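Descriptive structure summary
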Amino acid sequence: MAENKLKVLAIDDKPDNLTVLKAVVGDAFPGAAVFTTTDGRQGLELALARDPDVILLDIVMPQMDGYEVCQRLKADARLKLIPVVFLTATKNKESRIKALEAGGDGFLTKPLEEAELTAQIRAMAKIKAANTAQFMKMERLEVLVSERTRALEQELEERKAAQAEREKLMTAIDQAGEIILITDAEGNIEYANPAFEKVTGYSRAEVLGKTPRVLKSGKQDAAFYGSLWGDISSGKTWERRMVNKRKDGTFYTEVSTISPVLDAAGRIVNYVAVKRDITEQLRLENQFLQSQKMEAVGVLAGGVAHDFNNILTAIKAYAGFIRNDLPPEAPMRADAGEILTAADRAGTLTRQLLAFSRRQILAPRVVDMNKIVGDMTKMLSRVIGEDIKIGTELEPAPCLALVDPGQLEQVVLNLAVNARDAMPKGGKLTLQTAILAGDAGLSAAHPDLPRGPLVCLKVRDTGTGMTGEVKARIFEPFYTTKEQGKGTGLGLSTVFGIVKQSGGEVTVSSEPAKGATFSIYLPLAENTVQDIRANKDGQAAAKTGSETVLLVEDDESLRRLGARILKSSGYTVLAAASGAEALTVLEDHGKPVDLLVTDVVMPGMTGRDLALEIARRKQAGRTLYMSGYTDDAIVKHGVLEPGIAFIYKPFTVEALALKLREVLDGPADQAKA
Ligand SMILES: Nc1ncnc2c1ncn2[C@@H]1O[C@H](COP(=O)(O)OP(=O)(O)OP(=O)(O)O)[C@@H](O)[C@H]1O
Ligand SMILES: [Mg+2]
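Note that the structure is predicted; figures quoted are calculated from it, not measured.

What follows deals with the nonpolar core. If you look at the biggest cluster of nonpolar residues, it comprises 70 residues, and the most contacted ones within it are Ile474, Phe518 and Leu550. If near-sequence neighbours (up to four positions away) are discounted, Leu550 is found in contact with Leu574, Ala575, Ala582, Val585, Leu586, Val593, Leu595, Leu596, Val597 and Ile614.

The subject of this paragraph is the site of ligand 1. Not every one of the 20 residues close to ligand 1 is listed here, only the nearest: Asp461, Thr480, Thr481, Lys482 and Thr488. For ligand 1, a nitrogen atom lies 2.8 Å from a polar atom in the side chain of Asp461. Measuring from an oxygen atom of ligand 1, one finds a side-chain N or O atom of Thr481 at 2.4 Å. Protein contacts shield 90% of the accessible area of ligand 1, which totals 590 Å² for the unbound molecule. Broken down by secondary-structure element, the contributors of at least two residues to the shell around ligand 1 are α12 (405-422), α15 (491-501) and β17 (516-523). With three residues, α12 is the single largest residue contributor to the shell around ligand 1. Partitioning the shell around ligand 1 into residue classes produces 10 nonpolar, eight polar and two charged.

Our focus in this paragraph is the pattern of salt bridges. Applying the stated criterion across every chain, the model contains 31 salt bridges. Between Glu476 and Lys293 there is a salt bridge, with its nearest N and O atoms 2.6 Å apart. On the criterion of sequence distance, the pair formed by Glu476 in the loop between α14 (468-473) and α15 and Lys293 in helix α9 (residues 279-325) is long-range, its members being 183 residues apart. Overall, the relative accessible area of 34% leaves Lys293 in the partly exposed class. Between Asp421 and Arg420 there is a salt bridge; the shortest N-O distance is 3.1 Å. Since its relative accessible area comes to 28%, Arg420 is described here as partly exposed. Among the charged side chains, a network of salt bridges with common partners joins Glu587, Glu613, Arg616 and Arg617.

Before going further, it helps to spend a moment on the pairing of strand β10 (residues 268-277). By the bridge criterion, six bridges tie strand β6 (residues 179-184) to β10 in an arrangement that is antiparallel. Bridging across to β10, Ile179 finds its partner in Lys275. Pairing between strand β9 (residues 251-262) and β10: nine bridges, direction antiparallel. For Ile258, the partnering residue across the bridge sits in β10 and is Ala273. From the end of β9 to the start of β10, which pair antiparallel, there are five residues, and Gly266 there has a positive phi angle of about 85°.

Each value, and the rule that gives it
- Residues numbered from 1 in each chain as written.
- Chains lettered and ligands numbered in written order.
- Predicted model: local features only at pLDDT ≥ 70, side-chain atom pairs only at ≥ 80, totals over all residues.
- Heavy atoms only, no water.
- Core = buried A, V, L, I, M, F, W, Y, C linked by side-chain atoms within 4.5 Å.
- Buried < 20%, exposed > 50% of the residue type's maximum accessible area, 1.4 Å probe, protein only.
- Contact = heavy atoms within 4.5 Å.
- Near = heavy atom within 4 Å.
- Polar contact = N/O pair within 3.5 Å; in protein donor to acceptor, adjacent residues only side chain to side chain.
- Areas by Shrake-Rupley, 256 points an atom, 1.4 Å probe, with all protein chains shown as cover.
- Helix = DSSP H or I, 4+ residues; strand = E, 2+ residues; numbered from the N terminus.
- Nonpolar A, V, L, I, M, F, W, Y, C, P; charged D, E, K, R; others polar.
- Salt bridge = Lys/Arg side-chain N within 4 Å of Asp/Glu carboxyl O.
- Pairing = 2+ DSSP bridges.

See below:
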């Protein structure tokens, strides 16, 4: 600071002293500005307004003494830069100490010596300049520091946001249902998420540093992996379905999308794979397709079997007539016998088809599975031969189920015969029964299974077992792996149909060379349903009668056949081709008939409607339905309503004759309309 710009502030309560000071400073520093005041408070204001280079301060002043003025100056960040020189008349040591303690920078004793004063002022001005420079520097530094700090804060927030985002992404990846796998450019695993651990059974630690080859199932060939690597290493994203192997050795199917990750220079640094386990989805889809296929085949088979039944009924009956009309020694008798045998075989086939398509007519009653199995073992041991041992593991409590006992026996027989065929070198067949509480796991795997407690019958063998491919098709009609003539492929179809129609499920578990276990589940029945079967003592009953029978059948050849059987058995027969015609015939007849024998499925009025109408008019005592086909008019889902008399087509002459007697001689409430 140039001397001519020197600024001095003098504070003294004696104006004379100020005048002297002003003169001395003016002389020593020409051009210097000297501000003066007699009041300490005003002195502070002047210091602030003028920013002097030095303050000359008297100690003893009335309003505010010099110590206090100094203390206040030194308490201010800016004002404390101004050096303060105390002026005092006393040589008192204490006042000097006090002055220094108050923050004073110099001390002059009055009367002032001119040379000393000017020297002090000059020195103080230098200190002030130095202080100010220092202060400015500090201030600049402070600005700089605060700017830096601010910049850092900002940066810090960015980092925090980035960190939060990273955490969010990591949480998402950690909790994603999809498998996420990151490898380095060589394919070594660097990251695997929990979904990976869950699906594959490997822990992250077990696979880090390894390649995804640990999952290799052998189900894809080298070319498959070649194209995968070809695609991703050339920068393309690859997406395919593939089968991999879990740690426990089981397979799973996944949809896999693998993409290369590039750095700024376009080099591949990582690969990221996102995979979805679709094993369960495929299983459900497959199950659905399979049941749809079975349904469609069932409809077809059922339709064919229905028409076949009518034809077979005629063939059987007429062949029977021919044979019965021929003398015992006639060579044609044997031929007619052959026709009957062939027709029987065809009848069995159609019945199996109807069973498969769940259109068989069942007569269910509550049976104890244990008893059926127990009763059958002797017969089974004859069927399966000596090389195979039969064992039973029966539930101690009765295993009650509502099924057609004859059909259940058929089921067990078919399964046992299959087991026999699977054990050509002998083995063991085990029949096991159990009662199961409704099990969530079981019903999840088999959604059609009824809820609640179940009766389970397992038929287990130690035979050849099956591959997955065979297992998938065994219930299809005509699917057989047996050589021509050995099997028709209808055994399990029949089992399937009977079990399904009875409200149950059949499952199989088998592996090649490990035998097979067929499990049949049926709802556990309460022992309340009565045995609705008519008494079986009618076996030796007469086959002829003299009652009047109205026969209604739309198929002409069957109508003629029926009429012939009935007439030859001694009955008076009225015949009609439709419901409407039947009502007219009855009107003309003028009195009620003893029995209405009617087909169920007819164009126009159904057999059921006709029977109900005739019953309403009280024109027939009893009704016998004939059908080869389940129809809801008389049977619900193929299960006969109680109190309804029914004959299954195709029937033989004998069967019809017997049935007529059974119906006419039995209680009327077992042959309702
Ligand atoms: N216990 C079993 N062990 C191994 N394979 C079996 C077993 N049961 C059935 N199979 C397989 O299922 C196929 C179908 O059986 P299914 O009973 O329907 O027909 P089939 O026995 O071949 O002929 P059919 O029973 O009409 O005489 C068999 O050919 C066989 O391949
Ligand atoms: Mg079979």
